[in-house]
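# Examination of the molecular architecture
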Amino acid sequence: MDSVSVYEDAIGRSTSHVPPAHYIVRIKSYSLLAEEAIVEKYESGAFQAGGYKWKLVIYPKGNKSTNVKDHISLYLAVADTSSLTFDWEVYAIFCLFLLDQNQDSSLVVQDAMGKERRFNGVKLEWGFDKFIPLEAFNDASNGYLVNDTCVFGAEVFVKERNIIKGECLSMANITSSCKFVWMGENFSKLDERRQESQVFSAGEHKWKIVLYPLGNGCGDGKHLSPFLAFEDSTLEAIKVYVRYTLQILDQVGAKHKSFQDGNWFLTPESSWGWPRFVSLSEFNEPETGSLVNDVCLVEAEVAVLGISTAM
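Just so it is clear, the structure is predicted and the values come from calculations on it, not from any experiment. (Residues numbered from 1 in each chain as written. Predicted model: local features only at pLDDT ≥ 70, side-chain atom pairs only at ≥ 80, totals over all residues. Heavy atoms only, no water.)

### Comments concerning the overall build of the chain
Scanning the chain for helices and strands turns up three helices and 23 strands. Compactness check: the chain gives a C-alpha radius of gyration of 36 Å against a globular reference of 19 Å for 311 residues, more than 25% above the reference. Within the chain, buried positions represent 43% of all 311 residues. Split by element, the accessible area of the chain, about 17500 Å² in all, is 49% carbon and sulfur. (Helix = DSSP H or I, 4+ residues; strand = E, 2+ residues; numbered from the N terminus. Rg over C-alpha atoms; globule rule 2.2 N^0.38 Å. Buried < 20%, exposed > 50% of the residue type's maximum accessible area, 1.4 Å probe, protein only. Areas by Shrake-Rupley, 256 points an atom, 1.4 Å probe, with all protein chains shown as cover.)

### Here we look at the environment of Lys206
Position of Lys206 relative to the elements: it lies in strand 17 (residues 205-212). Look at Lys206 and you get partly exposed, because its relative accessible area is 44%. Sequence separation of Lys206 and Ala229 is 23 residues, and the distance between their C-alpha atoms is 8.8 Å. In contact with Lys206, not counting residues within four places along its chain, are Val199, Phe200, Ser201, Ala229, Phe230, Glu231 and Asp232. (Contact = heavy atoms within 4.5 Å.)

### Side note on the nonpolar core
Grouped burial of nonpolar side chains is what soluble globular proteins tend to show. Core analysis: the biggest nonpolar cluster contains 36 residues, and Tyr30, Trp54, Phe137 and Phe152 have the highest contact counts within it. Those residues in contact with Tyr30 that sit more than four places away from it in its chain are Pro60, Ile72, Phe137, Leu145, Asp148, Cys150 and Phe152. (Core = buried A, V, L, I, M, F, W, Y, C linked by side-chain atoms within 4.5 Å.)

### Section: the environment of Leu224
Mapping Leu224 onto the fold places it in strand 18 (residues 223-230). On the accessibility criterion, Leu224 (0% relative accessible area) is buried. Sequence-wise, Leu224 and Phe283 are 59 residues apart; in three dimensions their C-alpha atoms are separated by 7.7 Å.

### Regarding a nonpolar patch on the surface
Judged by side-chain polarity, Leu169, Met171, Trp264 and Leu266 come together as a nonpolar surface patch covering roughly 380 Å² of accessible area. Of all the secondary-structure elements, those providing two or more residues to the nonpolar patch are strand 13 (167-171) and strand 20 (257-266). Checked against the element boundaries, Leu169 lands in strand 13. (Patch = residues over 30% accessible without salt bridge, like charges linked within 9 Å, V, L, I, M, F, W, Y side chains within 5 Å. Salt bridge = Lys/Arg side-chain N within 4 Å of Asp/Glu carboxyl O.)

### Notes on the pattern of salt bridges
Here the structure, examined in full by the defined rule, presents nine salt bridges. Residues Arg118 and Glu89 are paired through a salt bridge, measuring 2.8 Å at the closest nitrogen-oxygen approach. Placement of the pair is Arg118 in strand 10 (residues 117-120) and Glu89 in strand 8 (residues 89-100), with a sequence separation of 29 residues. Judged by relative accessible area, which is 40%, Arg118 ranks as partly exposed. We classify Glu89 as partly exposed; its relative accessible area is 33%.

### Focus: the confidence of the model for the chain
For the chain, per-residue confidence averages 88 on the pLDDT scale, and 92% of positions sit at 70 or higher. Note that residues 1-8 has pLDDT below 50 and, in this model, 20 contacts with residues that lie over four places away or in other chains. (pLDDT = per-residue confidence, 0-100.)

### Details of the packing of aromatic side chains
Applying the stated rule across the entire model yields 20 aromatic pairs. Ring geometry for Phe187 against Phe283: centres 5.2 Å apart, planes inclined by 50°, an arrangement best described as tilted. Taken together, the residues span a long stretch of sequence, with Phe187 in the loop between strand 14 (178-184) and strand 15 (195-196) and Phe283 in helix 3 (residues 280-283) at a distance of 96 residues. The buried category is assigned to Phe187, whose relative accessible area is 8%. Between Trp207 and Phe265, the aromatic rings sit 5.2 Å apart at their centres with planes inclined by 90°, giving edge-to-face as the arrangement. Remark: Phe265 occurs in strand 20 and Trp207 occurs in strand 17; sequence separation between them is 58 residues. Exposure class is identical for Trp207 and Phe265. Each is buried. Put simply, the rings of Trp207, Phe230, Tyr244, Phe259, Phe265, Trp274 and Phe277 pair up and form one aromatic cluster. For Lys123, the ring lying beneath its charged end belongs to Trp126, and the centroid distance is 4.5 Å. Between the NZ or CZ atom of Lys239 and the centre of the ring of Trp264, over which it lies, the distance is 5.5 Å. (Phe/Tyr/Trp six-rings, centres within 6.5 Å; stacked < 30°, edge-to-face > 60°. Lys NZ or Arg CZ within 6 Å of the ring centre and 35° of its normal.)

What follows is the structure in structure tokens.
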């Protein structure tokens, strides 16, 4: 491009001897198009640039909806959104052209400083209400309208952007909780490594009790180790904050062994609990009521207080 000027409305106008890279619209018998009785605006056919479809929108006597008079209004618009996602958006830098047929050069109009524009479902088009004054356009010495013919053009450069990821956190007061009791029968004969309860629901999510009869981690070999496990393994990118209580029920005197905590549970599967919940020596004492007729009752009370999901 050759000379460049910038007006107060932050629009850059320049002269270029290089034709537009992506699309041109040649209009013959322009005076007929400009007659208001025939058409207020003209929309070009669709063209491809940067992986998207675009079109030019021309108002020969100015865009009345923006109260423009005595100017040509020219815009770039997204031509086809049917194949785009619901929340689509495109960032682009573009230039609009008007051919000077006398000098074989073009007037180029663009946002000053190469400003990029955001196209989306709310804003389908960007451009210039006052692309060029009608007086300058009709002046034969400028070469824009020759033999009642003019040529508009466009260059569009789509700005690649990373997909922004995020999450939405929703917290709630405790309104209700879910209780689930797991009956461990023939407890003395259970596999010493790991036992799992049936899956139960709480706060629209799935959970289970995981029990290590002979301990786990720092409680290995000397303690009973119960855990609450998040079982929604099919969900992705979700965190659930839970206030939970695990109890070994006293089947004799109702003096239950109980601990409470609150933690974030993450997908695909995570668990929280107590490796040293109760020593095996205490658990096996008859007066604790923890093991009666070789049956152990483990209760989980779960209240979901917060959910963080991917956006």
